[in-house]
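Structure assessment
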Amino acid sequence: MENILKVSNVSYRYKDANKDDYVLKNINYNFQKGKVYAIKGKSGSGKTTLLSLISGLEKKYEGEIFYKDKNLKKIDLDNYRNHDIGIVFQSYNLLPHLTASENIILSMDISKIKEKNKKELAIKLMEKVGLNKNQSSRRVLKLSGGEQQRVAIARSLSYNPEIIIADEPTGNLDKETETEILNIFNDLAHKDDKCIIIVTHSQNVCDRSDYVYELKKNET
Amino acid sequence: MYILKNAITSIKRNKGRNILIGIIIIVISAASAITLAIRESATKIVTAYENKNPLTATIGMNRENLMKNLRDGNKSQEEMINAFNEIESITEDQIKEYGHSSNLKSYYYTYELSVDAKDIKEATDSLVKETTTTKTETTTTTRKTPSGNSNGGRMPPGGFGGSTSTTRRKTTTTKTEKIFNEKAQDGAFTLIGYNSYEDMKDFINGNYQITSGEVSSDFTSNTCVISEELATLNNLSVGSTITIIDPKTTSNTYTLEITGIYKENTDSSQNMSTMFTSSANNIITNTTFIKTILEKNSNIKPTITPTFILNDKDSIENFTNEVNEKGLSEYYKITTNLQDIESATESVNNVKTFATTFLIITLIIGGVVLIVINMINIRERKYEIGVLRTIGMKKSKVSIQFMLELLIVTLFGLLIGAGIGSITSVPIANSLMANEIETANSKYDNIEKNFGLNNRKENQTTTEEKQNTEESNKTVEEEKETKEPVNMKDYQFGIAKVNEIESIDAIVDFNVLIKLLGIGIILTLISSLASMIAIARFSPLTILKERS
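Note that the structure is predicted; figures quoted are calculated from it, not measured.

1. A few points about the overall build of chain B
Helix and strand counts for chain B come out as 16 helices and twelve strands. Counting all 548 residues of chain B, 27% fall into the buried class. The long-range share in chain B, meaning contacts at least 24 apart out of those at least 6 apart in sequence, stands at 85%.

Quick look at the structure:
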């Protein structure tokens, strides 16, 4: 299988940290399409930091990250985030003044998706993650945590990226909802050939993943 | 396009925040609209006044130099008078030479000549009635042939013979009333000669207006226009002729045909004791006619009055220097109407200055308040910025969206503010104007008090009040008008009257709206600058971490 994302000798330390105080040191990972990856580790081990490097939200690091052999340091990261990679957060990060479908449509607009009926596509995406049409027109704050996370996943799918990274996507959800969300991620990987990278503490998530990487603090 | 859509959605869904910003913008724009409207209108008024009363210069006697030179020479009074008479008058050629200047828009000159006229009375209220009593004695002699003693047998005195002679004396007393002007002298009328319509500024400005007939376009004909007062007093009308008498040689007479009657629209009498305007005895004709009189009698000295229309204030000094270099005698000097113009427009200019200062303060305070509110707004919307940046929206586009939101709210605020401004600008402007006039008038009142003239005014007012009480059909406004001794302060004490411009019709017109829009855009850009800097500095990851 083709490596879609390659993390090569990546090291990272915070701006105000000591010279040798690295959060991540010489990390080398490969990620392929059609697989679910779980990155686990204790708090402070650098899981979320690695995710922010992969998603292009953080640019100052040592080493290289390649998306389809393109060095992230040399590409337009805004364009990368609105075309090639979808991000799902533990706290959903939806715009509260918009409805569920408006959040998804806005993402499509930013990605310049050429779709005549964006609302219809948004509803289809929401149905794909287990939401119905009525829920699409509700303000996101009126939806439950699980529903909001589904909206966030639908939003990340709106421009059909090849990689979806999720930071503790089930951290705020109950067991049953967690299972449903994981089913969605598995389907996206195995049926839609997406590369799913999940940062998690949850053993359940690790169990359902194809690969599990464990990060340990100050360890390579 | 989606940025605009998103901006509109954001405004709709965050009403509280945008209403607050909107209210601030309404206040700023209303204040700006009022001040801009006042400024614009004041500028228009001043420009209109300056167009109507252009900055002009003329040549007048330099009495200071004259007296200095005469005194220095220790001359006797007679010598001084002779020396004064020897000063050469300004000639037409000199005026033409001075008129060729880049400091001038144009120039013109008038010939003025004091003349008398045959069989017409001068318009003056110094007329007196004189009654002349003439006694005529008539002697009638009647002869009678006696046919009887018809007279009772008495013999007629000194007569004997066949007939009787009777002499009867009759004394007739004739009373003749003659009205004459006790001040009347030769030259009771002023002939004013113009060269063209363009030179007749009083007609152009509307100070004089033809009420009957017209001003002849033939500036070489023996025609004239006279005042309504003169026409009424002497039963003259268009088509009548008047005979002008050479003031020095009375046998020289000239006939002028009246082609028009004019009225003076301005109250230039400057003197409460006269019932006629100062132009009542002016006979307006052309320079050709006056030159005809001068050709026949070289003893007559006309007054040639030049009027140089200056480009602007800066031209005054340049023109003065230029004329002096061209050889204007030291006994003459250039005088301008700058002080009159400035005095007349002082109140409006004060209001304009106040409006400008107020506008600047409003914009500074408004701008600062908007920046602060916008910064608070940005801090509150930090999360939104983080989300938009995370899902790949570029910094520039996030900035544009935030700016558009502010611009839309600003435009609505401007519209409402402009509406409020247009309603309130007129009363506010006129209230400011009234204060200015009151301040200026109190200055006059104080000066009048210094001269003790206020007592005279009060007496006059009391008398007029009594008269007014008798006239029951007068309205309150009319009475008020009558009581107000406006003329007392006209051009007295060397200060121009202040009631030249009494009100400002401030209008929020297209020009004001454009300026208001410019202010709105500048304010939006300045206050958006804070959000742009913040957006550029915010790291989406940091924002989202803070949120988590």
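2. Observations regarding the overall build of chain A
The number of helices and strands found in chain A is eight helices and nine strands. Taken across its 220 residues, chain A has 49% of its residues classed as buried. In chain A, the share of contacts with a sequence separation of at least 24, taken over all contacts with a separation of at least 6, comes to 72%.

3. Considering the interface of chain A and chain B
Opposite the 20 residues of chain A that make contact, chain B presents 18 residues. Counting only elements with at least two residues in the side of chain A that touches chain B, the list comes to α2 (77–83) and α3 (100–110) of chain A. Among the residues making up the side of chain A that touches chain B, the classes are represented as seven nonpolar, nine polar and four charged.

4. So, the sheet that holds strand β5 (residues 70–71) of chain A
Residue and element names in this part refer to chain A. Reading across from one edge, β2-β1-β4-β5 is the order of the four strands in this open sheet, with antiparallel pairing throughout. With partners counted over all chains shown, the strands left at the sheet margins are β2 (24–32) and β5, one partner each. In this sheet, strand β4 (residues 62–67) lies alongside strand β1 (residues 3–12) in antiparallel orientation, the contact comprising five bridges. Across the sheet, residue K6 finds its bridge partner in β4, namely F66. Contacts between helix α1 (residues 47–54) and the sheet are confined to β1, β2 and β4, with β1 contributing the most and set at about 125° to the helix.

5. With respect to the nonpolar core
Of all hydrophobic cores here, the largest spans 110 residues; its most connected members are A:I196, A:I197 and A:I198. Take this core: its biggest share by element is 13 residues, from helix α2 (residues 15–52) of chain B. The contact partners of A:I196, leaving out residues within four places of it in the chain, are A:V36, A:Y37, A:I164, A:F185, A:L188 and A:A189. Of all hydrophobic cores here, the second largest spans 29 residues; its members include B:L113, B:I242, B:I283 and B:I290.

6. Describing the sheet that holds strand β7 (residues 163–167) of chain A
Residue and element names in this part refer to chain A. As summarised here, the arrangement of the five strands in space is β6-β7-β8-β3-β9, forming an open sheet in which the pairing is parallel. Each edge of the sheet is formed by a strand with only one pairing partner; in this case those strands are β6 (85–88) and β9 (211–215). Between one strand and the next, the sheet's axes are offset by a mean angle of 15°, whatever the strand orientation. Pairing of strand β3 (residues 36–41) with β9 involves five bridges; the strand directions are parallel. In the strand pairing of β9, G41 is matched with L215. Across the sheet, helix α6 (residues 145–157) touches β6 and β7, and the angle it forms with β6 is around 170°.

7. Notes on the packing of helix α10 (residues 338–380) of chain B against helix α15 (residues 510–537) of chain B
Residue and element names in this part refer to chain B. Look at α10 against α15: their axes get within 9 Å of each other, and the N-to-C directions meet at 35°. Note that α10 runs across α15; the crossing there is right-handed. Across from L363, G366, G367, L370, I371, N374, M375 and I378 in α10, the residues of α15 making contact are I519, L523, I526, S527, S528, A530, S531 and A534. Within the contact of α10 with α15, the residues separate by chemical class into ten nonpolar, six polar and no charged.

8. Concerning α3(A)
A large share of α3(A) lies buried, amounting to eleven of its eleven residues. Here α3(A) has its buried residues at A:A100, A:S101, A:E102, A:N103, A:I104, A:I105, A:L106, A:S107, A:M108, A:D109 and A:I110. Packed against the buried residues of α3(A) are α2, α4 (118–128), α5 (133–136) and α6 of chain A together with α1 (2–13) of chain B. Positioned one or two residues after α3(A), A:K112 has a phi angle of 55°, which is positive.

9. Observations regarding the confidence of the model for chain B
All names here are of chain B. The share of residues in chain B with pLDDT of 70 or more is 72%, and the mean pLDDT across the chain is 76. Averaged pLDDT values over the elements of chain B bottom out at 40 in helix α14 (residues 476–483) and peak at 93 in strand β7 (residues 223–227). Below a pLDDT of 50 lies the segment residues 146–163, which in the model reaches eleven contacts outside its immediate sequence neighbourhood of four places, other chains included. In this model, residues 180–186 is a region of pLDDT below 50 whose contacts with residues beyond four sequence positions or in other chains number 13 contacts. Across the predicted assembly, pTM comes out at 0.62 and ipTM at 0.90.

10. Regarding α1(B)
Residues and elements named next belong to chain B. Along its twelve residues, α1 runs 16 Å from first to last C-alpha, staying within 8% of the 16 Å computed at 1.5 Å per residue. Buried residues of α1: N6, A7, S10 and I11, and no others. Buried residues in α1, looked at end-on, bunch into an arc of 140°, giving them a common side.

11. A closer look at unusual backbone geometry
Residues and elements named next belong to chain A. Although it is not a glycine, N9 sits at a positive phi angle of roughly 50°. Topologically, N9 is positioned in strand β1. Unlike most non-glycine residues, N160 shows phi in positive territory, near 50°. Examined against the element boundaries, N160 turns out to sit in the loop between α6 and β7.

12. Considering the environment of A:C206
All names here are of chain A. On the secondary structure map, C206 appears in helix α8 (residues 203–208). Put simply, C206 and Y37 are 169 residues apart on the chain and 8.1 Å apart in space, counted from C-alpha to C-alpha. Look past the residues within four positions of C206 in its chain and what remains in contact with it is A38, K40, T200 and V212.

13. Thoughts on the packing of α4(A) against α6(A)
Residues and elements named next belong to chain A. The interhelical angle for the contact between α4 and α6, taken along N-to-C directions, is 125°, at an axis separation of 9 Å. One element, α4, and the other, α6, form an angle in the oblique class. The two elements α4 and α6 cross, and the hand of that crossing is right-handed. Contacts from L125, M126 and K128 of α4 reach α6 at V151, A154 and L157. Taken together, the residues that form the contact of α4 with α6 break down as five nonpolar, no polar and one charged.

14. A look at the environment of B:I309
Residues and elements named next belong to chain B. Assignment of secondary structure puts I309 in strand β11 (residues 303–310). Judged by C-beta crowding, with 16 C-beta atoms within 10 Å, I309 ranks as partly exposed. Along the chain, I309 and A57 lie 252 residues apart, while their C-alpha atoms are 6.5 Å from each other. With residues up to four places along the chain from it excluded, the contact list for I309 reads P54, T56, L104, K105, S106 and Y107.

15. Topic: the pairing of strand β1 (residues 56–61) of chain B
In this structure, β1(B) lies alongside β11(B), joined through two bridges in antiparallel fashion. By the bridge assignment for β11(B), B:T56 is matched with B:I309.

16. Section: the environment of B:V351
Structurally, B:V351 can be placed in helix α10. Assessed through the 26 C-beta atoms surrounding it within 10 Å, B:V351 is described here as buried.

Cut-offs applied
- Residues numbered from 1 in each chain as written.
- Chains lettered and ligands numbered in written order.
- Predicted model: local features only at pLDDT ≥ 70, side-chain atom pairs only at ≥ 80, totals over all residues.
- Helix = DSSP H or I, 4+ residues; strand = E, 2+ residues; numbered from the N terminus.
- Buried ≥ 20, exposed ≤ 12 C-beta atoms within 10 Å, placed from the backbone.
- Contact = placed C-beta atoms within 7 Å.
- Nonpolar A, V, L, I, M, F, W, Y, C, P; charged D, E, K, R; others polar.
- Pairing = 2+ DSSP bridges.
- Axes fitted to C-alpha atoms, helices over the stretch in contact; angles between N-to-C directions.
- Core = buried A, V, L, I, M, F, W, Y, C linked by C-beta atoms within 7 Å.
- Left-handed = near helix turned anticlockwise from the far one by under 90°.
- pLDDT = per-residue confidence, 0-100.
- Expected span 1.5 Å × (residues − 1).
- Arc of directions from axis to C-beta.
- Parallel < 35°, antiparallel > 145°, perpendicular 65-115°, else oblique.

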